Every structure is written in structure tokens, then in C-alpha cells.
Amino acid sequence: MKAKTIFFCQHCGAQSPKWIGKCPSCNEWNTYVEELVQKNEPGMAQALFQTSFNKKSSEAVLIHEIGEQSENRVIIQDKELSRVLGGGIVPGSMVLFGGEPGIGKSTLMLQVALQEKNLKVLYISGEESEQQIKMRATRIGLQNKQCYIYTETSTHSIIAKADQIKPDIIVVDSIQTLYSPVLESSAGSVSQIRQCSAELMKLAKESAVPIFLIGHITKDGSLAGPKVLEHIVDTVLQFEGERNHVYRLLRTTKNRFGSTNELGIYEMQGNGLREVNNPSEILITAREDNVSGVTIAATLEGLRPMLIETQALVSTAAYGTPQRSATGYDLRRLNMLLAVLEKRCGFRLGIKDVFLNIAGGLKVEDPAIDLALVCAILSSNEDIAIDHKICFAGEVGLSGEIRPVTRIEQRIAEAERLGFEQIYISKFSKFKAPSDISKIEIIQVSKIQDTFSLLFG
Ligand code: TYD
Ligand code: MG
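First, a word on what this report is: a plain description of the structure on this page. Just so we're clear, the structure is a prediction, and the values are computed from it rather than from any experiment.

### A word on the sheet that holds strand β17 (residues 390-393)
Pairing is mixed across the open sheet formed by 7 strands, whose spatial order is β15-β16-β14-β13-β17-β20-β21. If you trace the sheet from one side to the other, it starts and ends with β15 (324-327) and β21 (441-445), each paired once. The sheet shows a mean angle of 25° between the axes of neighbouring strands, direction not considered. Across 7 bridges, strand β14 (residues 304-316) lies against strand β16 (residues 352-358) in antiparallel orientation. Each bridged residue has a counterpart across the sheet, and for Ser 315 the counterpart in β16 is Asp 353.

This is the structure in C-alpha cells:
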């Protein structure tokens with residue numbers, strides 16, 4: 001006998017015993033999802049959890065009576081992943097690791113599994129055969145004597161196996177291939193994904209074993225699966241990058257145990273993913289002569305300073321309406337910067353096409369990049385190059401003022417370390433020049449006009 005299920009509208013919550021395309025109560029299309037109402041054998045799924053994992057009490061406790069527990073994070077070798085997670089893996093946490101097919105999710109997870117020689121890892125694969133995984137492991141060239149591969153897709157078998165092996169970390173590749181025997185719908189459907197992740201979440205919380213769930217996302221995000229999951233899991237990691245480029249970016253969009261600002265960078269090589277611990281070096285193009293329209297911004301991603309090349313191209317609009325486009329930067333913010341340049345500083349950019357590009361396929365949200373962008377635009381407009389030994393860190397306000405940005409000392413120190421000769425920052429920045437900063441010249445500006453006359457005379 002199968003479990004009793006009912007279809008719910010995800011939009012308004014209306015119910016129906018069978019699937020319908022258009023919700024009769026809210027008129028939305030394609031919103032019905034099958035939900036489990038009652039399990040066929042109530043004791044069965046529960047029994048699987050109760051085995052040897054300790055049960056938590058269901059009593060309410062007073063908050064001041066809860067003993068403080070120092071967070072016992074599992075420290076891992078991979079520094080990029082560790083930092084993005086907020087400093088190691090939290091026991092019992094469930095991490096969704098999403099990304100487009102082929103981006104390198106399986107590679108990264110297998111690599112992490114093989115790197116942790118002191119940890120017992122259970123790597124569950126519903127996508128590839130043992131042989132395929134073995135081939136990848138050979139390619140990565142690492143060995144972990146305690147790494148178990150289990151090719152299975154039923155959650156109940158997986159939970160039973162986890163109970164038997166008692167691993168320190170579980171990796172599931174991928175959540176879309178799992179199915180729970182209590183539901184009739186096929187693997188990969190929204191209800192299966194939700195049910196499977198709920199069962200695994202229970203396993204994670206009761207056994208304190210961290211679980212990584214790999215999930216595929218298509219470019220337009222059309223696959224509903226991972227979206228449903230985002231609410232359930234503790235942390236959502238995203239693996240991004242252009243498939244034809246070698247760099248891969250690891251971000252968090254949700255993290256219950258750390259900041260969501262951290263960024264990890266990897267390079268896909270023939271033998272797995274290499275951690276890029278010093279991103280500034282790859283984000284600045286090595287060049288000898290100066291080109292107009294190119295500037296370097298001293299930005300921060302999370303706590304890590306990063307010098308990034310920004311490029312602007314300003315040209316007279318060929319057809320009536322000028323075009324504005326920005327890659328890696330908010331277009332509305334670009335329009336705001338252009339309006340400030342036009343209205344407050346008198347540059348006639350209204351009739352020009354303006355194109356912006358941020359190197360390395362990065363998306364930058366740090367407002368400190370504004371000053372570098374404005375200078376790149378002006379440099380392209382004047383067709384005068386800015387020396388490539390100069391960098392910038394400042395936010396631009398609506399009246400054309402240069403505003404201070406956070407952690408300026410760290411940005412200056414990184415610029416100094418990379419051999420920059422000058423850094424332009426806000427006059428209003430409050431900072432203590434670190435004593436070991438000797439070579440770099442700090443130029444403090446209060447307005448775009450000051451900056452313009454200093455740079456272009
Ligand atoms: P994969 O981890 O299978 O992607 P996902 O699990 O996200 O679908 O990675 C697939 C790509 O990575 C594939 O095109 C081959 C490439 N690759 C390397 O370039 N070097 C390597 O060492 C490995 C293992 C894969
Ligand atoms: Mg894969």
C-alpha cells in the first residue's frame with residue numbers, strides 16, 4: 001500500500017485529490033505539488049532513525065538553562081570551502097551545493113572527501129557508477145582509506161547505510177536522483193526532493209553528521225527542486241563560472257552559521273580544482289603599457305581584500321539613444337554614477353554609449369568600486385590612460401562626493417603588498433596608517449572634480 005498524498009497549490013494553498021494545471025481558486029498555472037499526508041506504515045520511517053542515534057528530549061527548556069556549547073566545527077583542508085562555510089563544517093548541518101551541470105560540483109565534493117584523510121566519508125552517488133567515480137578519484141590523484149562510495153538512490157537504504165558506517169561526513173550526489181519509498185512520485189519531482197531532504201535533515205540533526213547535498217540548477221533556474229530546498233537546509237552554496245573559463249566561484253546565498261559575503265575561488269585543472277588563495281593576481285591583467293578606460297579597484301569580498309580590474313568604454317552614440325551596459329555591476333547604479341557625472345561635475349555623457357566590464361566574471365557589490373569605475377569612465381571619455389600602479393577605493397555619493405568605505409587599512413595593505421604606488425581614498429576615511437606601510441602613497445580626495453584634476457591635470 002502506498003502513502004496517502006494530496007495535491008496542494010503552492011500559491012494559495014488550495015487542495016485537490018489529483019493534479020490540476022490551473023488552480024481554480026487563485027487562477028495560477030502549474031502550482032500544484034503532491035504532498036505526503038499520511039505514511040502507510042507509520043512506524044517504519046521513524047524506526048530507521050531511532051536505531052542508534054541518540055534521541056533528543058521533546059521537553060521545553062529555559063534558555064538560561066541551556067549549556068553553552070563551543071561550536072565544534074570540523075576543520076577541513078580546503079581553505080576556500082572552509083572560509084565560505086564560515087570556518088569549517090558545523091556538525092549536523094545540511095548544506096545544499098548547487099550549480100549548473102558540468103560546473104564541477106562532483107569534482108569538488110569528491111576532492112574534499114579524498115582530502116580529509118582523518119575523516120570517514122560516505123559519498124552517495126545516484127548519478128555515476130563506482131567505476132566512474134574511481135576514474136575521477138584517480139584523476140584527482142588523492143587517496144583516503146576511509147572514503148566509502150555507495151551508489152544508491154533510496155533514502156531509506158541511505159539512512160540505514162549511514163547508521164551502519166557512522167561516517168563523519170555524508171555527500172549526496174545529487175538530491176534530484178533520490179527517492180523516498182513513502183511517495184509515489186518519481187525522483188526529481190518537487191515532492192520527492194522535499195521529502196528526501198526532510199528525511200536527510202532529520203538524519204543530520206539526530207546523528208550530528210554534516211550532509212552535503214548536491215543539486216543541479218539550470219541557467220534560467222527553471223528546475224524547481226533546489227529552490228524548494230533553500231528553506232529547509234542550513235546553508236546554500238553556489239558554484240558558478242563560465243564553463244569555457246577555468247575559474248570557478250563558490251558563494252553562499254544563505255548561511256545559518258556564518259556570513260554570506262565570503263567568496264571562494266578555484267581553478268579547474270586537469271587534476272581537479274586548485275584553490276586560488278591569492279585572487280588579486282588573476283583578476284588584474286598583466287600589462288606593460290597603460291590603456292585608457294582601465295582602472296583597478298581595491299574591493300573586499302567578505303573579509304578578503306581583492307584588487308579587481310574594471311574597464312569602461314565610452315564612445316559617441318552611433319544611433320539616437322545611447323546604450324548603457326554593465327557586466328558584473330548593477331546597471332541602475334551605473335546610470336546613477338553617470339547622472340552624477342553629468343549633473344554635478346558637468347561631463348557631457350548623456351549622448352555617449354557607456355559599457356562597463358568587471359574582470360574575471362565577478363559580480364561586485366562592494367560600493368568601494370564606484371571610484372574606480374568613475375575614473376575608468378572619465379579615462380575612456382578623455383582617452384587618457386591612468387597609470388596601472390594606481391588603485392582606488394571609494395564610494396561615490398549623489399552630490400559627487402567621495403565617501404569612506406569599510407576596512408580601508410586592509411585595502412591599503414593589500415594594494416601595498418601587490419606593489420601599487422598610489423591609492424585614492426576618501427578624504428573622510430578615518431584610519432590609522434599601518435606602520436609597515438611605507439611605499440604606497442595614500443591620496444585623499446573629497447570630490448570627483450578633485451580626483452579628475454589630480455589624474456588628468
Ligand atoms: P563535474 O564535477 O562532473 O561537474 P558536475 O558534477 O557539476 O556536473 O565536472 C565536470 C567537468 O570538469 C568536466 O567537463 C571535466 C572537468 N574536469 C576537469 O577539468 N579536471 C578534473 O580533474 C576533473 C575531475 C574534471
Ligand atoms: Mg556531478
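Alright, that's what it looks like, and here's the rest.
### Some points on the pattern of salt bridges
Pairing between side chains of opposite charge can happen when the charged atoms of each approach one another. In the structure shown here, the tally under the stated rule is 17 salt bridges. Arg 83 is paired through a salt bridge with Glu 262; the nearest N and O atoms lie 3.4 Å apart. Separated by 179 residues along the polypeptide, Arg 83 in helix α2 (residues 79-85) and Glu 262 in the loop between β10 (247-255) and β11 (263-269) bring together distant segments of the chain. By relative accessible area, which is 9% here, Glu 262 ends up buried. Residue Glu 128 pairs with Arg 136 through a salt bridge whose shortest N-O separation is 2.9 Å.

### Remarks on unusual backbone geometry
Here Asp 173 and Ser 174 are connected by a cis peptide whose omega angle stands at 0°. Looking at where Ser 174 falls in the secondary structure, it is placed in the loop between β7 (169-173) and α6 (190-207). Backbone geometry places Lys 166, a non-glycine residue, at a positive phi of 50°. You can see Lys 166 is positioned in the loop between α5 (155-165) and β7.

### A look at the packing of aromatic side chains
Two aromatic rings are characterised by how far apart their centres lie and by the angle between their planes. This model, assessed by the stated rule, comprises 5 aromatic pairs. On the numbers, 5.9 Å between centres and 75° between planes, the contact of Phe 239 with Tyr 266 is edge-to-face. Highlighted residues: Phe 239 in strand β9 (residues 235-240) and Tyr 266 in strand β11, separated in sequence by 27 residues. In terms of burial, Phe 239 and Tyr 266 fall into one category: buried. Here Phe 392 and Tyr 424 contribute two aromatic rings whose centre-to-centre distance is 5.3 Å and whose plane-to-plane angle is 35°, an arrangement assigned as tilted.

### With respect to the packing of helix α10 (residues 370-382) against helix α12 (residues 448-456)
Between α10 and α12, the shortest axis-to-axis distance is 11 Å and the interhelical angle comes to 50°. One element, α10, and the other, α12, form an angle in the oblique class. Here α10 and α12 pass one another in a crossing that is right-handed. Where α10 approaches α12, its residues Leu 371, Val 374, Cys 375, Leu 378, Ser 379 and Glu 382 are matched on the opposing element by Ile 448, Thr 451, Phe 452, Leu 455 and Phe 456. Residue classes in the contact of α10 with α12 are distributed as 8 nonpolar, 2 polar and 1 charged.

About the cut-offs
- Residues numbered from 1 in each chain as written.
- Chains lettered and ligands numbered in written order.
- Predicted model: local features only at pLDDT ≥ 70, side-chain atom pairs only at ≥ 80, totals over all residues.
- Heavy atoms only, no water.
- Pairing = 2+ DSSP bridges.
- Helix = DSSP H or I, 4+ residues; strand = E, 2+ residues; numbered from the N terminus.
- Axes fitted to C-alpha atoms, helices over the stretch in contact; angles between N-to-C directions.
- Salt bridge = Lys/Arg side-chain N within 4 Å of Asp/Glu carboxyl O.
- Buried < 20%, exposed > 50% of the residue type's maximum accessible area, 1.4 Å probe, protein only.
- Phe/Tyr/Trp six-rings, centres within 6.5 Å; stacked < 30°, edge-to-face > 60°.
- Parallel < 35°, antiparallel > 145°, perpendicular 65-115°, else oblique.
- Left-handed = near helix turned anticlockwise from the far one by under 90°.
- Contact = heavy atoms within 4.5 Å.
- Nonpolar A, V, L, I, M, F, W, Y, C, P; charged D, E, K, R; others polar.

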